[in-house]
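A structural walkthrough
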Amino acid sequence: MTGGKWFEELPVGTTVEHAVRRTVTETDNVLFTTMTMNPAPLHLDAEYAAGTQFGKPLVNSMFTAALVVGLSVYELTLGTLVAQLGLTDVTFPAPVFAGDTIRVETEVVEARESKSRPDAGLVVFEHRAFNQRDELVCRLRRTGLMHRRPEGS
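This text gives an overview of the structure that appears in the document. Because the structure is a prediction, the values reported are computed rather than measured. (Residues numbered from 1 in each chain as written. Predicted model: local features only at pLDDT ≥ 70, side-chain atom pairs only at ≥ 80, totals over all residues. Heavy atoms only, no water.)

Our next topic: the overall build of the chain. Looking only at helices and strands, the chain has 4 helices and 6 strands in total. Reading the helices (α) and strands (β) of the chain from amino to carboxyl end gives β-β-α-α-α-α-β-β-β-β. Expressed along its principal axes, the backbone C-alpha trace of the chain runs to roughly 60 × 30 × 25 Å. For the chain, buried positions account for 38% of its 153 residues. Considering only intrachain contacts with a sequence separation of at least 6, the fraction spanning at least 24 residues in the chain is 71%. Counting only carbon and sulfur atoms, one obtains 54% of the accessible surface of the chain, whose full area is about 8,300 Å². (Helix = DSSP H or I, 4+ residues; strand = E, 2+ residues; numbered from the N terminus. Buried < 20%, exposed > 50% of the residue type's maximum accessible area, 1.4 Å probe, protein only. Contact = heavy atoms within 4.5 Å. Areas by Shrake-Rupley, 256 points an atom, 1.4 Å probe, with all protein chains shown as cover.)

Another aspect to go through is the side chain of H43. Of note, H43 is situated in helix α2 (residues 41–44). For H43, a relative accessible area of 13% gives the class buried. Residues contacting H43, with those up to four places away along its chain left out, are N29, T33, N38, P57, L58, V59, N60 and S61.

Positionally, V12 belongs in the segment before β1 (15–17). Overall, V12 belongs to the exposed group, its relative accessible area being 54%. Sequence separation between V12 and V109 is 97 residues; the distance between their C-alpha atoms is 5.3 Å. Excluding anything up to four places from it in sequence, V12 contacts V108, V109, E110 and A111.

Attention shifts here to the pattern of salt bridges. Across all of its chains, the model carries 13 salt bridges by this definition. R128 is the partner of E107 in a salt bridge, and the nearest nitrogen-oxygen pair spans 3.3 Å. Of the two residues, E107 sits in strand β4 (residues 101–113) while R128 sits in strand β5 (residues 120–130), which places them 21 residues apart along the sequence. Here E126 ties to R139 by a salt bridge, and the two come within 3.7 Å at their closest N and O atoms. Of the two residues, E126 is situated in strand β5 and R139 in strand β6 (residues 136–147); the sequence distance between them amounts to 13 residues. Among the residues examined, E126 registers a relative accessible area of 11% and is labelled buried. Because the salt bridges share partners, they merge into one network encompassing E105, E107, E126, R128, R139 and R141. (Salt bridge = Lys/Arg side-chain N within 4 Å of Asp/Glu carboxyl O.)

Turning our eyes to something else, we now look at helix α4 (residues 61–76). Compared with the 22 Å implied by 1.5 Å per residue over 16 residues, the 23 Å span of α4 between its first and last C-alpha is a close match. Those residues of α4 that fall on the buried side of the exposure criterion are F63, T64, A65, L67, V68, V69, L71, S72 and L76. Of the residues flanking the start of α4, the one acting as N-cap is N60, its side-chain oxygen 2.8 Å from the backbone nitrogen of M62. (Expected span 1.5 Å × (residues − 1). Polar contact = N/O pair within 3.5 Å; in protein donor to acceptor, adjacent residues only side chain to side chain.)

Bringing the layout of surface pockets into the picture now. Over the atoms a probe the size of a water molecule is rolled, and this reveals where empty space is left. The volume enclosed by the largest pocket comes to roughly 150 Å³. Taken together, E26, N29, V30, H43, L44, D45, A46, K56, P57, V59, F97 and A98 form the lining of the largest pocket. Elements with a contribution of two residues or more to the lining of the largest pocket: α1 (26–35) and α2. The biggest single contributor to the lining of the largest pocket is α1, with 3 residues. (1 Å grid on protein atoms, 1.4 Å probe; cavity = no way out; pocket = protein on both sides within 12 Å on 5 of 7 lines; lining within 4 Å. Points joined across faces, edges and corners; volume = space filled by probe spheres on them.)

Time to look at the nonpolar core. One finds V24, I102 and A129 to be the most contacted residues of the largest nonpolar core, which totals 17 residues. The element contributing the most residues to this core is α4, with 6 residues. With residues up to four places along the chain from it excluded, the contact list for A129 reads V68, I102, R103, V104, E135, L136, V137 and C138. (Core = buried A, V, L, I, M, F, W, Y, C linked by side-chain atoms within 4.5 Å.)

So, in structure tokens, the structure goes:
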């Protein structure tokens, strides 16, 4: 199954506003935080979090990053990604709370042919995530090794 784009369809400057958005729930935050063995009370303890500058639990930033990448998969890399090679420049300029709805836009900021794999190319995606108030809540760069379009398709 492919819904993603082939290397040739991802020139620098390509920008996608992803169709699917997602409202983050308290359950998302608690499950992700506990499954990853993170004991931080800022994510899990409402009483503790009430005494912080945020006044309530923050959503685990690693969940936010994973959600941002996940929301981009269908339109960019579903069935066309060989491998994810790295994440860089990950920032969280504003907090995410349970109840926030996240939307993502992605821009191709680099693209080049693979030197070792003639059937693939490297693409650097910059994902930007916004909450329902259009506040930037996450920005990250992801490098993907992308399949070239198969001959005859």
